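Observations on the model geometry
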Amino acid sequence: MKGLDRLAVRRFIATWWLPTVIACAVGALYVFYSVAQWRALVAPSWDLGIFAEAVQAYSRFEAPVVPIKGPDYNLLGDHFHPILALLGPIFRLFPSALTLLVVQDLLIAASVLPIARLAQRLLGRGGALLVGLAYGLGWGLQGAVGAQFHEVCVAVPLLAFGGVAFVERRWGACMAWLAPLVLVKEDLGLTVFVAGLAIAWRRRREGRSAVLRSIAYALFGIVAFVLTVKVLLPAMNPAGTWAYSLDGAATGAGTPTGGTTAAHAIPSLWDILTTPSVKLVTLIVLVAGAGFVGTASPWFALVAPTLAWRFAGSVESYYGWDSWHYNAVLVPIAACSLLDVIDQWLAPERATAETDADAEEEAPASSNLGWRVAAWAAACVPAMSLALTASSLPLWHLPDLKEDPRMAAALGALDAVPEGVSVETDTTLLARLVPGREVYWVGTTGTMDTPPEYVVIDARSYAWGDQQVDAESWGSAAHPGHTYETVYAKQGFRVARRTS
């Protein structure tokens, strides 16, 4: 028995040590990047502050009301992501928006584990390094880290573990990993739907019962989607509707000014996929991430719902490939599709490998050299694509992220705002002000019954353009009948307190 235990431990270590090292390396690099961003005072949008307020509310066992979006705005009426409540205890221990950045980095790193492990089983340790690193540093994952925290980071490990379970024909595990996607974001119910259809197709030779169970799972995804967008989101949205529908009736919250996700007049499928041309570039980078051959896997169909809502809408930022978080869910789908095809190619030697005690440590020599060469060629494609596009991705600019020389002044501005007060601010210090305060964004306070007690402005913020602004005059002008006095002014940061 002791001999068997030692053998089990040996096999476990052989299976997981290299994938774990790869995942840790990816996670460490992303955490380093996020901390560098934080110290450089980089604030690409208001979203980090929004999610910090939501998770702070969860940490207090409260509804995720986010004043940044507007007075009494329940964020579950914007996008449906109740799974973020799981981050409440973490935020309670470490109350900082930086905590969310680190959590996102670690979730992405965790997704590397199953993919690198599967690549090792199919192609050996070299394959684990090649596929694991190309995936972990993939275009969509870098974009998500660069854009800072968004709810889709929770979907990345779920899709990675679920996709690997699909390749390995562990149907129950696959369904279990993907089911929580309906709690990550409303459109991911459609992804679960397509996953159920892909499972049904793969199990079509297992009998009618297996196929019907898979189709029932697909129906669970579509029902969850319809229930969320037709009932839950409208019930919690201030406008009583789904904010991101394509009918043009609602205003979206993806931009500070509202914006719309309404579709244009119905174009042809070709126009949807290729106009403007940046969509075509996104598609090329996506299929390259699947080694091109991965598009033959039924799993690759899971990219369709995400591409559909992005490309059918009129928001141009949805079309791109080199920034923001919209591509994050596509990367694990593409990687698992590639490994699925490779698994099919190497199926004969997979049966041999399963009888080898050291199979997980190093893939066996191929009995079909041609297929193994093809597998390696396909596995190299994502790495080559990453190398060709690296200069356009966030990590390339990591050396440029230096600590902002105004950091001391920024910290002084934060110290000038007591905890427990309401404060209105632009994007620069928005997320940093959240812990312990009721934070509003300068563009969403028009309907406030009581003006904020403090106004914090970074005169150099991109939010103001070329406008000359200071906290005292801006606060008094934005809230007629009330006056503010400056209590802190240093290196462009201005803090004003309401006096009437």
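A short tour of the structure in this document, coming up.

Parameters and conventions
Residues numbered from 1 in each chain as written. Predicted model: local features only at pLDDT ≥ 70, side-chain atom pairs only at ≥ 80, totals over all residues. Heavy atoms only, no water. Patch = residues over 30% accessible without salt bridge, like charges linked within 9 Å, V, L, I, M, F, W, Y side chains within 5 Å. Areas by Shrake-Rupley, 256 points an atom, 1.4 Å probe, with all protein chains shown as cover. Salt bridge = Lys/Arg side-chain N within 4 Å of Asp/Glu carboxyl O. Helix = DSSP H or I, 4+ residues; strand = E, 2+ residues; numbered from the N terminus. Pairing = 2+ DSSP bridges. Buried < 20%, exposed > 50% of the residue type's maximum accessible area, 1.4 Å probe, protein only. Contact = heavy atoms within 4.5 Å. Polar contact = N/O pair within 3.5 Å; in protein donor to acceptor, adjacent residues only side chain to side chain. Arc of directions from axis to C-beta. Core = buried A, V, L, I, M, F, W, Y, C linked by side-chain atoms within 4.5 Å.

Looking now at a nonpolar patch on the surface. Together, Val9, Phe12, Ile13, Trp17 and Val21 make up a nonpolar patch on the protein surface, roughly 490 Å² of accessible area in all. One can find valine 21 in helix 1 (residues 2-39).

Another point: the pairing of strand 4 (residues 484-490). Bridge count for strand 4 against strand 5 (residues 493-498) is six bridges, and the pairing is antiparallel. The partner of tyrosine 484 across the bridge, within strand 5, is arginine 498. Counted between consecutive antiparallel strands, the loop separating strand 4 from strand 5 contains two residues, among which glutamine 491 sits at a positive phi close to 50°.

Among the structural elements, threonine 306 can be located in helix 12 (residues 303-312). By relative accessible area, threonine 306 is classed as buried at 2%. Excluding its chain neighbours within four sequence positions, the residues that come into contact with threonine 306 are Asp187, Thr191, Tyr326, Val329 and Leu330.

Below, the discussion takes up the side chain of histidine 325. If you trace the backbone, histidine 325 turns up in the loop between helix 12 and helix 13 (330-345). Within the structure, histidine 325 has its side chain in polar contact with the side chain of histidine 150 (distance 3.5 Å). The contacts of histidine 325, once residues within four sequence positions are left out, are Gly143, Ala144, Ala147, His150 and Val152.

The next subject is helix 7 (residues 171-178). Among all positions in helix 7, only Trp171, Cys174, Met175 and Leu178 are buried. When helix 7 is viewed along its axis, its buried side chains cluster within an angular range of 95° and face the same direction. Facing away from the buried side of helix 7 by over 90 degrees, the exposed positions are Gly172 and Ala176. Structurally, helix 7 contributes buried residues whose contacts are with helix 6 (155-167), helix 8 (188-202) and helix 9 (208-236).

This paragraph deals with the nonpolar core. Residues Ile68, Leu100, Ile115, Tyr135, Phe149 and Trp299 are the most contacted members of the largest nonpolar core, which totals 147 residues. For this core, the element with the most residues is helix 4 (residues 97-136), which contributes 15 residues.

Right, let's get into the pattern of salt bridges. Here the structure, examined in full by the defined rule, presents 13 salt bridges. When the shortest N-O distance is used, the salt bridge between lysine 69 and aspartate 78 registers 3.8 Å. Close ionic contact of arginine 406 with aspartate 458 constitutes a salt bridge, the shortest N to O distance being 2.9 Å. Placement of arginine 406 in the loop between helix 15 (369-389) and helix 16 (407-415) and of aspartate 458 in strand 3 (residues 454-458) is noted, with a sequence separation of 52 residues between them. For aspartate 458, a relative accessible area of 2% translates into the label buried. Sharing partners across several salt bridges, the network here consists of Arg117, Arg121, Glu168, Arg169, Arg170 and Asp343.

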